[in-house]
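Structural overview
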Amino acid sequence: MNGTMATAMADVSDGAPIARDAIDPELVKLSRPRPKVGVITAAGLVFLCGFFLIRLQPDRRFAGAGEPARVTITDITSGNVAADAYVKLAGAELVMSSGIRASTNKAGLGLRIAPVRGTGEKLWIAMSGDGWEQPTLGTFTGRLRQLAKLPFAPAVTAYVHDHPAPLFAGAAAVRAAFVTGKLTTITGDVVEVADGTKVAFDTTDPDHSVIVATFNARLKDKTAWEQAFAGANIAVTGSHDPMPDTIRFDANGDPAHLTAMLLDAKLWAARVEPTTHHFDTTWGAMKGSSPAGFVVGPTVIPDAQLDLVGVFVAREIPPGAYALITDEQPDAYWYVLPITIALAAIGLVFAWALVRAVKRDLLPTRA
């Protein structure tokens, strides 16, 4: 084969035709054309690099943070702290009854998110969803972000609106809200209530109690306990919920007085619980109550018997709300700088390619 190729090349130099199975040396000498980067390709890659560099700017700024800045709740809710700052917040008390578990995927534990008391749900704390982690109390350190920009913000907003959580207020605050329509809760938040808003509360019956008696070697059954109560001048009106070890008796009298009578009779295997009654109504039905007490159907409940009133208000997360994410620390964003350098390098290379492509394809050739 080598001899044939050499002969063919010699024949070419002599002007003779090339054999059918021989390689044309002139074609061997031809080089491939250099690949050309078009204007659209170069411009698209430059745009993508610039887009991701801008998107990475908050992470890049947070990754370069040093010690956390000490801030107050007022600093954050007033907008005096920049978003994506590394902060340390002290004195924050969470309203865990309004807590929500949020997750961006079904496999992870997600985050536990709860509003800070007294902020009108303008500041939330997002903690790890792992219940085995050491609890954080009072002081929270992490990244401050705008809640609306978090990936789980739509789910949290929808849940808050669709699942009204009870907000609690005292009897005096409820009376004041009958006139103004704005209820000040025990957390310091002010909410607007409508006539159709659900209201629920429990009251303690001052004249009746429940005695929980435990069976023992001396008082082995219900009859023995009834005889013991009769000897102690405790009037029981019936029994219910018998268990293998305990039985419950209804009794006349307030818990404090009955407890003293049990101690005097040395009936230490019994304890007294208050009798509670649950009431459900609406704000519109209750706001017509007289000063004598709150009216729920045919029942009038004196203000003194009410500890807290639960109002189920449909909430809205206010615009500009913040979330302090305790799981995010600057050290966890070490990868942002290498990615930034790589994107900048790729962007510069294709920016140079874009200039060459524009000159080659779009600008007129000089004669």
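What counts and what doesn't
- Residue positions are counted from 1 within each chain, in the order its sequence is given.
- The predicted origin of the model limits local features to residues at a pLDDT of at least 70 and limits the giving and counting of side-chain atom pairs to 80 or more, whereas totals for whole chains, interfaces and linings rest on all residues.
- Values shown for side chains rest on all heavy atoms present in the structure; no hydrogens or waters enter the calculation.
- Secondary structure elements are defined from DSSP: runs of H or I of at least 4 residues count as helices, runs of E of at least 2 residues count as strands, and each element is numbered from the N terminus.
- Two things to know: the radius of gyration comes from C-alpha atoms, and the globule rule equals 2.2 Å times the number of residues to the power 0.38.
- When a residue's accessible area, from a 1.4 Å probe over protein chains only, is under 20% of the maximum for its type it is buried; when over 50% it is exposed; and in between it is partly exposed.
- Here, two residues are considered to be in contact whenever any of their heavy atoms come within 4.5 Å of each other.
- Per-residue and other accessible areas follow the Shrake-Rupley method at a 1.4 Å probe size, with only the shown protein chains counted as cover for residues.
- In this tally, Lys and Arg are treated as positive and Asp and Glu as negative; His is ignored, and so are the chain termini.
- Note on charges: their place is set at NZ of Lys, CZ of Arg, CG of Asp or CD of Glu.
- Residues belong to a common nonpolar core when they are buried Ala, Val, Leu, Ile, Met, Phe, Trp, Tyr or Cys residues joined through side-chain atoms within 4.5 Å.
- We count a salt bridge whenever a side-chain nitrogen from Lys or Arg sits within 4 Å of a carboxyl oxygen from Asp or Glu.
- Confidence per residue, as judged by the predictor, is encoded in pLDDT with a range of 0 to 100.
- In this scheme Phe, Tyr and Trp rings, the latter by its six-membered ring, pair at centre separations within 6.5 Å, and the angle between planes marks the pair as stacked below 30 degrees, edge-to-face above 60, and tilted otherwise.
- Two conditions define a charge sitting above a ring: the NZ of Lys or the CZ of Arg must be within 6 Å of the ring centre, and it must be within 35 degrees of the ring normal.

1. What to know about the overall build of the protein chain
If you tally the helices and strands in the protein chain, you get 11 helices and 17 strands. Taken over C-alpha atoms, the radius of gyration comes to 39 Å for the protein chain, far larger than the 21 Å a tight globule of 367 residues would show. Sorting the 367 residues of the protein chain into buried and exposed places 32% on the buried side. For the protein chain, the proportion of contacts with a sequence separation of at least 24, taken over those separated by at least 6, is 68%. As displayed, the protein chain has an accessible area near 22,200 Å², and 59% of this comes from carbon and sulfur atoms. Separation between the mean location of the 33 positive side-chain charges and that of the 36 negative ones in the protein chain comes to 11 Å.

2. Focus: the nonpolar core
Formed by 21 residues in total, the largest nonpolar core has its most connected members in Val174, Leu183, Phe201, Trp283, Met286 and Val309. Counting residues per element, this core draws most heavily on helix H7 (residues 171–180), which supplies four residues. In this view, Trp283 contacts Val174, Ala177, Phe178, Val193, Ala194, Asp195, Thr197, Val199 and Val311; residues no more than four positions away in its chain are not counted. Core analysis: the second largest hydrophobic core is formed by 18 residues, Ile211, Ala228, Leu258 and Val272 among them.

3. Notes on the pattern of salt bridges
Oppositely charged side chains are able to pair whenever their charged atoms sit close together. Applying the stated rule across the entire model yields 12 salt bridges. One salt bridge in this structure joins Asp84 and Arg61, with 3.9 Å as the shortest N-O distance. Of this pair, Asp84 sits in the loop between helix H5 (73–77) and strand E2 (85–89) while Arg61 sits in helix H4 (residues 57–63); the two residues are 23 residues apart in sequence, bridging distant segments of the chain. Overall, the relative accessible area of 13% leaves Asp84 in the buried class.

4. Focus on the confidence of the model for the protein chain
Of all residues in the protein chain, 91% have pLDDT values of 70 or greater, and the mean over the chain is 85. Averaged pLDDT values over the elements of the protein chain bottom out at 46 in helix H1 (residues 2–13) and peak at 93 in strand E12 (residues 246–252). Taken as a whole, residues 1–13 scores under 50 in pLDDT and shows seven contacts with residues more than four places along the chain or in a different chain.

5. Quick notes on the packing of aromatic side chains
If you walk through the whole model with that rule in mind, you get 11 aromatic pairs. Taking the centre distance of 5.4 Å and the plane angle of 35 degrees together, the rings of Trp225 and Phe229 count as tilted. Here the residue Trp225 and the residue Phe229 both occupy positions in helix H8 (residues 222–231), the gap between them amounting to four residues, near one helical turn. In this structure, Trp225 and Phe229 share a single accessibility class: buried. Among the aromatic residues, ring-to-ring pairing joins Phe62, Tyr86, Tyr333, Trp334 and Tyr335 into one connected group. Positioned above the aromatic ring of Phe62, the side-chain terminus of Arg143 is 4.9 Å from the ring centre. Cation over ring: Arg175 sits above Phe294, and NZ or CZ is 4.4 Å from the ring centre.

6. Some points on the environment of Ala177
Considering the arrangement of structural elements, one finds Ala177 in helix H7. We classify Ala177 as buried; its relative accessible area is 0%. Once the C-alpha coordinates of Ala177 and Thr187 are considered, the two residues, 10 residues apart in sequence, prove to be 15 Å apart. The residues touching Ala177, leaving out its near neighbours within four places in the chain, are Lys182, Leu183 and Trp283.

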